[in-house]
Amino acid sequence: MSNTFLPFSKPTIDEVTIASVGEVLRSGWITSGPKVAEFEKQLSAYFGGRPVRTFNSGTCTMEIALRIAGIGEGDEVITTPISWVATSNVILEVGATPVFADIDPVTRNIDLDKLEAAITPRTRAIIPVYLAGKPLDMDRLYAIAAKHKLRVVEDAAQALGSSWKGKPIGSFGDFVSFSFQANKNITTSEGGCLVLNNEAEAVIAEKYRLQGVSRSGWDGIDVDVLGGKYNMTDIAAAIGLGQFAHLQDITAHRRKLAKRYFDTLGKDFESRTGAILPPADFTDTNWHLFQLELPARMSRPEFMARMKEHDVGVGFHYAPIHLFSMYKALGFREGMFPISERIGKQIVSLPMFYSLTEDDVVRVCAALEKVLA
Ligand SMILES: *Cc1c(COP(=O)(O)O)cnc(C)c1O
């Protein structure tokens, strides 16, 4: 058995994509141009014709969605403590107040009962996160949003290729944000896209993307809002186009690998080891991550070090946001969100990426059995 080190994530860029990046570099037009337009067109077709705009990160797409919705000072936005800190940083960036609701221990996503309980007269929006690519109960999420007249900015950074009742995530709903950062299911090295509700929102998104500039008349420009510098380059879009062509294969392969994890570990894995597996969903989730909750007897640093001795890389997603010192300075405390705190301490991400093989998964499982024995 080979002992090459298996990272927990790794991008796969094919030769066709590399050649197309070379073409862009030789073309004389390397910033936003025809490749960006083509990428947005293909994404829009995938999302059922909804307007799509690309950006240079998944983070700024969420910030821009909040700005388009007019959310700012005095407004509360509810999200989960178990996400990348970007999810709540954008709430602070627009001057609004982040409010957390604890997670469901099984799905590890925001608990919709707790979300509903956290709504106040100042609540204006929700940012749900689909951790590991697993969607929420989307019908219930949008019923809550409609009942309380809230905007939704879906942090679907990890959920490209996931679906709900047969519809791709992004093809329905309010604002839906995706990330194309290097570890995501498809990448542009760095980048993101936002699915919008109508062309009017898309025009505003374009302004926020590029210094607030709008075109007026055949030779005039104007600036009427404060925008930033968030455009995607054609170099990145060329990578995205090459990756997007494989989305179906990527999703199918990840589902096969997830199934291999479950089959190899066996039905008694949880009772034997005390570790907790993710929900065995092979329909909706794109398996962006394969995450275990470690038993309390095993600390994460020890687990990661021992897996490394077996040449297996392990990641963790995520530490609870409310316990970062900047958030504690805002008044958040340990004990506020106990399930997030338990899972945030014990969660690990095992290798899961497109070029991983089923044999690799068997090797990871063998290491896991030794380390958890
Ligand atoms: C990756 C990620 C982000 C941030 O995306 P960037 O493209 O790195 O800005 C936000 N939220 C979640 C859940 C992510 O996984």
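Criteria and thresholds
- Residues numbered from 1 in each chain as written.
- Predicted model: local features only at pLDDT ≥ 70, side-chain atom pairs only at ≥ 80, totals over all residues.
- Heavy atoms only, no water.
- Helix = DSSP H or I, 4+ residues; strand = E, 2+ residues; numbered from the N terminus.
- Rg over C-alpha atoms; globule rule 2.2 N^0.38 Å.
- Buried < 20%, exposed > 50% of the residue type's maximum accessible area, 1.4 Å probe, protein only.
- Contact = heavy atoms within 4.5 Å.
- Areas by Shrake-Rupley, 256 points an atom, 1.4 Å probe, with all protein chains shown as cover.
- Lys, Arg positive; Asp, Glu negative; His and termini not counted.
- Charge placed at Lys NZ, Arg CZ, Asp CG, Glu CD.
- Axes fitted to C-alpha atoms, helices over the stretch in contact; angles between N-to-C directions.
- Parallel < 35°, antiparallel > 145°, perpendicular 65-115°, else oblique.
- Left-handed = near helix turned anticlockwise from the far one by under 90°.
- Nonpolar A, V, L, I, M, F, W, Y, C, P; charged D, E, K, R; others polar.
- Near = heavy atom within 4 Å.
- Polar contact = N/O pair within 3.5 Å; in protein donor to acceptor, adjacent residues only side chain to side chain.

**Student:** Mind showing me how you'd approach the overall build of the protein chain here?
**Tutor:** When helices and strands are counted, the protein chain shows 14 helices and 13 strands. For 373 residues, the compact-globule estimate of 2.2 N^0.38 gives 21 Å, and the C-alpha radius of gyration of the protein chain, at 21 Å, lies within 12% of that figure. The dimensions of the protein chain, computed from C-alpha atoms along their principal axes, are 70 × 55 × 35 Å. Buried residues in the protein chain amount to 56% of all 373 residues. Of the contacts made within the protein chain by residues no fewer than 6 positions apart, 70% connect residues no fewer than 24 positions apart. Entry remark: accessible area of the protein chain is about 15,900 Å², with carbon and sulfur atoms responsible for 57%. Each charge sign in the protein chain was given a centre, from 40 positive and 44 negative side chains, and these centres are 2 Å apart.

**Student:** How should the packing of helix α3 (residues 58-68) against helix α4 (residues 86-93) be read in this particular structure?
**Tutor:** To characterise two packed helices, one gives the angle between the axes of the helices and the distance between these axes. It is the contact of α3 with α4, at a shortest axis distance of 9 Å, that shows an interaxial angle of 40 degrees. Here α3 lies oblique to α4, going by the angle between them. For α3 against α4, the interelement crossing comes out right-handed. Note on element contacts: α4 touches α3 through A86, T87, V90, I91 and E93, opposite T59, M62, E63, L66 and R67. Considered class by class, the residues forming the contact of α3 with α4 number 5 nonpolar, 2 polar and 3 charged.

**Student:** I keep staring at helix α13 (residues 338-346) and nothing clicks. Help me out?
**Tutor:** Working note: α-helix, 3.6 residues per turn, so residues spaced by three or four point in the same direction. Those residues of α13 that sit buried are I339, S340, E341, I343, G344 and Q346. Against the buried residues of α13 lie α5 (112-117), β12 (290-293), α11 (300-309) and β13 (347-350).

**Student:** Before we go on, may I ask you to explain the site of the ligand in this structure?
**Tutor:** With respect to spatial proximity, 17 residues lie near the ligand, and among them G58, T59, D155, S179 and K184 are the closest. At 2.5 Å from an oxygen atom of the ligand is found a side-chain nitrogen or oxygen belonging to T59. Contact distances for the ligand include 3.2 Å between an oxygen atom and a side-chain N or O atom of Y318. Those elements giving two or more residues to the shell around the ligand turn out to be α3 and α4. Tallying contributions element by element places α3 first for the shell around the ligand, with 3 residues. For the shell around the ligand, the class distribution of residues is 6 nonpolar, 9 polar and 2 charged.

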